[in-house]
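A structural walkthrough
Chain residues, written in single-letter form:
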Amino acid sequence: MGKKINVGFVGAGYWGQKLLPKFLSAPDAAVRVVCDIHSGNRAAVQQKFPQISTAESCEAVLTDRELDGVVIATPPASHFSLAKKALDAGKHVWVEKPLALRLEEGRDLVQLARAKKTVLFVDHTFLYDPAVTMIRDMIRQGELGDIYHLYLQRLNLGRIKRDSNVWWNSAPHDASIVLYLLASRPKSVNLHGYRYLQPNLEDLNLAVIEMCDGTSAFIYHNWLYPENTAKLTVIGSKRLLVYEGKFEKRSVTVYDYEVEDSMDGGRLMDGLPTTIPSKMIAERELQGFQDQEPLAAAVKDFLESIRDSRAPLSHGEFSLQVLAVLEAGDRSVRSNGEKIPVEF
Ligand SMILES: NC(=O)c1ccc[n+]([C@@H]2O[C@H](COP(=O)([O-])OP(=O)(O)OC[C@H]3O[C@@H](n4cnc5c(N)ncnc54)[C@H](O)[C@@H]3O)[C@@H](O)[C@H]2O)c1
């Protein structure tokens, strides 16, 4: 093993404290400093990881000559300015989702990373779930047939954000999964959102994404929901598939089904076909992906991409497409759910 990659953390709240142990246990990385403006979170880090030094000011961390990379795990509104400062200083950057709050800002970051020849990694964690990779392979190999539709649900009670609505909080995951799985590009987004708890922030929304090849995706988010659900359903012409994507419980179930393909074959009632016969044939749960932990795999890819001077799987340009979908959704919800084209 060569020299360790020196990393500094900016933001040690809920997610920063989940990420930190992954970097601490990565053999390639040395976490030198964690900065957070919140004294309680600095104290929590000091208590759990007394070997790490903490700082209040992030300016010094973003430009620290000793650091090779910076991990930004602050609220979304600060991602652009913090990532820009770190990239300007020549750092490799891990930025939490979403990359930025505007496509233009995302583009600036991608261009800056290109100019500086540094890695810009965006934490679309689900790209690193081997279950998601397996589903992608199945789709690419035609095992599910033509893909008609995806239905994604991210529902829970809790972690209700004050600084972003449920779309900006949850859709980076779902949009990244849709774009990663499907070969086609997103064409348009309709987003309907509703506010019950906070006057300016939607706490539930329903999105329709249309892809250029005719595939549709519905995304339902709600953080006032009795069950903790993170689920993807894939409707293919040959098979159906359900992916349960909670970090603590992941599973993939495939369903063989049959729909009689001709209206003429249906039972007739008074000469009119009233239903097309369909039936479920078999159901099986797939195995073989449970032992790889997605966040640890994401950290490994970030570090290796720095070491090997290559783009990580979840690179900035991929995330720009996610941002284009997020931005279209944002414009749609402000126009009462109008269909908004996705522009890259
Ligand atoms: N990939 C995932 O699965 C996943 C899961 C949860 C959260 N996240 C992302 O992680 C990020 C943080 O979310 P969270 O839930 O941890 O929020 P949080 O509010 O719990 O933590 C954010 C922390 O950043 C600190 N902070 C804010 N501005 C700062 C600044 N300028 N300099 C230094 N520290 C600053 C705050 O004091 C706080 O401790 C968000 O972008 C969120 O979308 C990702």
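Residues numbered from 1 in each chain as written. Predicted model: local features only at pLDDT ≥ 70, side-chain atom pairs only at ≥ 80, totals over all residues. Heavy atoms only, no water.

**Thoughts on the state of the cysteines**
One pass over the full model with this rule turns up one disulfide. There is a disulfide in this structure between C35 and C58, and the S-S distance comes to 2.3 Å. Disulfide C35 to C58: torsion about the S-S bond roughly 105°, handedness right-handed. On the criterion of sequence distance, the pair formed by C35 in strand β2 (residues 29-35) and C58 in the loop between β3 (53-55) and α3 (59-63) is long-range, its members being 23 residues apart. (Disulfide = S-S within 2.5 Å. Helix = DSSP H or I, 4+ residues; strand = E, 2+ residues; numbered from the N terminus.)

**Comments concerning the sheet that holds strand β11 (residues 224-236)**
Pairing is mixed in the open sheet, where nine strands are placed in the order β16-β13-β12-β11-β7-β10-β9-β8-β17. A single partner strand is all that each edge strand has here, and the edge strands are β16 (278-286) and β17 (340-341). Judged from the five bridges that link them, β11 and strand β12 (residues 239-246) form a sheet pairing that is antiparallel. Within β12, the position partnered with T233 by the bridge is V242. Here helix α9 (residues 316-334) sits on the sheet and contacts β8 (186-194), β9 (204-211) and β17; the angle it forms with β8, its principal contact strand, is near 45°. (Pairing = 2+ DSSP bridges. Contact = heavy atoms within 4.5 Å. Axes fitted to C-alpha atoms, helices over the stretch in contact; angles between N-to-C directions.)

**A short note on the pattern of salt bridges**
Tallied over the entire structure, the rule returns 21 salt bridges. What you see here is one network of salt bridges that share partners, running through R195, E202, D330 and R334. (Salt bridge = Lys/Arg side-chain N within 4 Å of Asp/Glu carboxyl O.)

**Regarding unusual backbone geometry**
Most of the time, phi is negative for any residue but glycine, and the peptide bond is trans. Here the residue pair K97 and P98 is connected by a cis peptide bond, since its omega of -10° sits within 30 degrees of zero. Secondary-structure assignment places P98 in the loop between β5 (92-96) and α5 (103-116). Positive phi, normally seen in glycine, also occurs at K117, with a value near 55°. Locating K117 in the fold gives a position in the loop between α5 and β6 (120-123). The phi torsion at S309 lies on the positive side, around 50°, for a residue other than glycine.

**Considering the domain arrangement of the protein chain**
Domain boundaries in the protein chain define domain 1 (5-118) and domain 2 (127-293). Each of domain 1 and domain 2 was reduced to a C-alpha centroid, and the two centroids are 32 Å apart. If you look at the interface, domain 1 gives nine residues, while domain 2 gives eight residues. Carbon and sulfur atoms supply 65% of the area that domain 1 and domain 2 bury against each other, a total of about 710 Å² over both sides. (Domains from an automatic or database assignment. Buried area = accessible area lost by both parts, 1.4 Å probe.)

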